[in-house]
Amino acid sequence: MPPKAKFTKQKIIDAAMQIVRREGFSALTARALGAELGSSARPIFTIFQNMEEVQQSVVVAAKELYAEYVERGLSEELPFKGVGTHYILFSIEEPKLFQLLFMEEQEQVPDLSGVLSLIDENYDKILRSIEKGYGLRGASAEKLYQHLWIYTHGIATLCATRMCRFTENEISEMMTEVFTGIMAKMKGDGR
């Protein structure tokens, strides 16, 4: 008979998330996780096969938390702006998780049109909010999303690495200014 689990799967994932939040993904080791739980590493492996499985569970949990930020953004009066603002807020409030999800080197470098759907599982939902809210279709909506994501990702990266800090009001003003400029350019080009 296998040994009885000392911790639940969720308790182990929660402890692993705390390590990653404080110290980053590379600090997540069996020894560190055991210490976080106040135990040896052994009880972890009554639930998980190996540390890779724990790490995958942390990535899934980080994506779920990020999806909550996206949903909050989508529920705002200006959903597309809300998503961008909450993307930046995620980088401020959860810098190590942001780095894990959005600042890891990729094995293969996708082109810009592929990177957004690769890193953000909410891509289609966000694109639909642009089409609905701003009357853009297809390639125009995607182009707006690409430009604003590059800008937003830059701000978020500055925040996640603690290079700069911005208030919510400053973030809102910057997002409005760049959005207005891009929309004026797109309308001027007839798109």
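This section reports on the structure supplied with the text. If you're wondering where the values come from, they're calculated on a predicted model, not measured in any experiment.

## Comments concerning the nonpolar core
No. 1: In this structure, Leu-28, Leu-33, Phe-90 and Leu-144 are the most contacted members of the largest nonpolar core, which totals 58 residues.
No. 2: Elements that contribute at least two residues to this core include exactly α1 (9–23), α2 (30–37), α3 (51–74), α4 (79–93), α5 (95–102), α7 (123–134), α8 (138–160) and α9 (168–188).
No. 3: A total of ten residues in this core trace back to one element, the largest contributor, which is α3.

## Focus on the environment of Glu-142
No. 1: For Glu-142, the location among the structural elements is in helix α8.
No. 2: Taking the C-alpha atoms as reference, Glu-142 lies 9.8 Å from Arg-128; in sequence the two are 14 residues apart.

## As for the pattern of salt bridges
No. 1: One pass over the structure, following the stated rule, counts three salt bridges.
No. 2: Among the salt bridges present, the one from Arg-21 reaches Glu-94, with a minimum N-O distance of 2.8 Å. Placement of Arg-21 in helix α1 and of Glu-94 in the loop between α4 and α5 is noted, with a sequence separation of 73 residues between them.
No. 3: One salt bridge in this structure joins Glu-23 and Arg-22, with 3.5 Å as the shortest N-O distance.
No. 4: Judged by relative accessible area, Glu-23 falls into the partly exposed class, the value being 46%.
No. 5: For Arg-22, a relative accessible area of 44% corresponds to the partly exposed category.
No. 6: When salt bridges that share partners are traced, they join Arg-22, Glu-23 and Glu-36 into one network.

## Remarks on the side chain of Glu-94
No. 1: What makes Glu-94 buried here is its relative accessible area of 13%.
No. 2: Not counting residues within four places of it along the chain, the set of residues in contact with Glu-94 comprises Arg-21, Leu-65, Tyr-69 and Leu-89.

## Focus: the packing of α1 against α2
No. 1: One can describe the packing of α1 onto α2 by two numbers: an axis separation of 9 Å at closest approach and a directional angle of 110°. Compared by their axis directions, α1 and α2 come out roughly perpendicular. Where α1 crosses over α2, the two elements pack in a sense that is right-handed. Contacts between α1 and α2 involve Lys-11, Ile-12, Ala-15, Ala-16, Gln-18, Ile-19 and Arg-22 from the first element and Ala-32, Leu-33, Glu-36 and Leu-37 from the second.
No. 2: Considering only residue class, the contact of α1 with α2 consists of seven nonpolar, one polar and three charged.

## Concerning the packing of aromatic side chains
No. 1: According to the stated counting rule, one finds eight aromatic pairs in the structure shown.
No. 2: Judged by centre distance (4.9 Å) and plane angle (70°), the ring pair of Tyr-66 and Phe-102 falls under edge-to-face. Pair noted here: Tyr-66 is in helix α3 and Phe-102 is in helix α5, with a separation of 36 residues, a long-range link.
No. 3: When its relative accessible area of 4% is taken as the criterion, Tyr-66 is described as buried.
No. 4: Residues Tyr-69 and Phe-90 carry aromatic rings whose centres are separated by 5.1 Å and whose planes lie at 70° to one another, so their mutual orientation is edge-to-face. Placement of Tyr-69 in helix α3 and of Phe-90 in helix α4 is noted, with a sequence separation of 21 residues between them.
No. 5: Given a relative accessible area of 5%, Tyr-69 falls into the buried group.

Rules used in this analysis
- Counting from 1, residues in each chain are numbered in the order their sequence is written.
- Per-residue local features are limited, in this predicted model, to residues with pLDDT of at least 70; the limit for side-chain atom pairs, both in listing and counting, is 80 or more; totals at the level of whole chains, interfaces and linings are taken over all residues.
- Side-chain measures were taken over the full set of non-hydrogen atoms in the model, leaving aside hydrogen atoms and water.
- Only buried Ala, Val, Leu, Ile, Met, Phe, Trp, Tyr and Cys residues count toward a nonpolar core, and they belong to the same one when joined by side-chain atoms within 4.5 Å.
- Burial classes follow relative accessibility: with a 1.4 Å probe on protein chains only, a residue under 20% of its type's maximum area counts as buried, one over 50% as exposed, and anything between as partly exposed.
- Segments assigned H or I by DSSP are reported as helices when at least four residues long, segments assigned E as strands when at least two residues long, and all are numbered from the N terminus.
- Definition used for salt bridges: Asp or Glu carboxyl oxygen within 4 Å of a side-chain nitrogen of Lys or Arg.
- We call two residues in contact whenever any of their non-hydrogen atoms come within 4.5 Å of each other.
- The axes are straight lines fitted to the C-alpha atoms, using for helices just the contacting stretch, and the angles between their N-to-C directions are given from 0 to 180°.
- Convention used here: angles under 35 degrees read as roughly parallel, angles over 145 as roughly antiparallel, angles from 65 to 115 as roughly perpendicular, and any remaining angle as oblique.
- Put simply, a crossing is left-handed when the front helix is turned counterclockwise from the back one by less than a right angle, and right-handed when it is turned clockwise.
- Any residue that is not Ala, Val, Leu, Ile, Met, Phe, Trp, Tyr, Cys, Pro, Asp, Glu, Lys or Arg is counted as polar, Gly included; the first ten are nonpolar and the last four charged.
- Pairing of aromatic rings covers Phe, Tyr and Trp, the last through its six-membered ring, and needs centres within 6.5 Å; plane angles under 30 degrees mean stacked, over 60 mean edge-to-face, and all others mean tilted.

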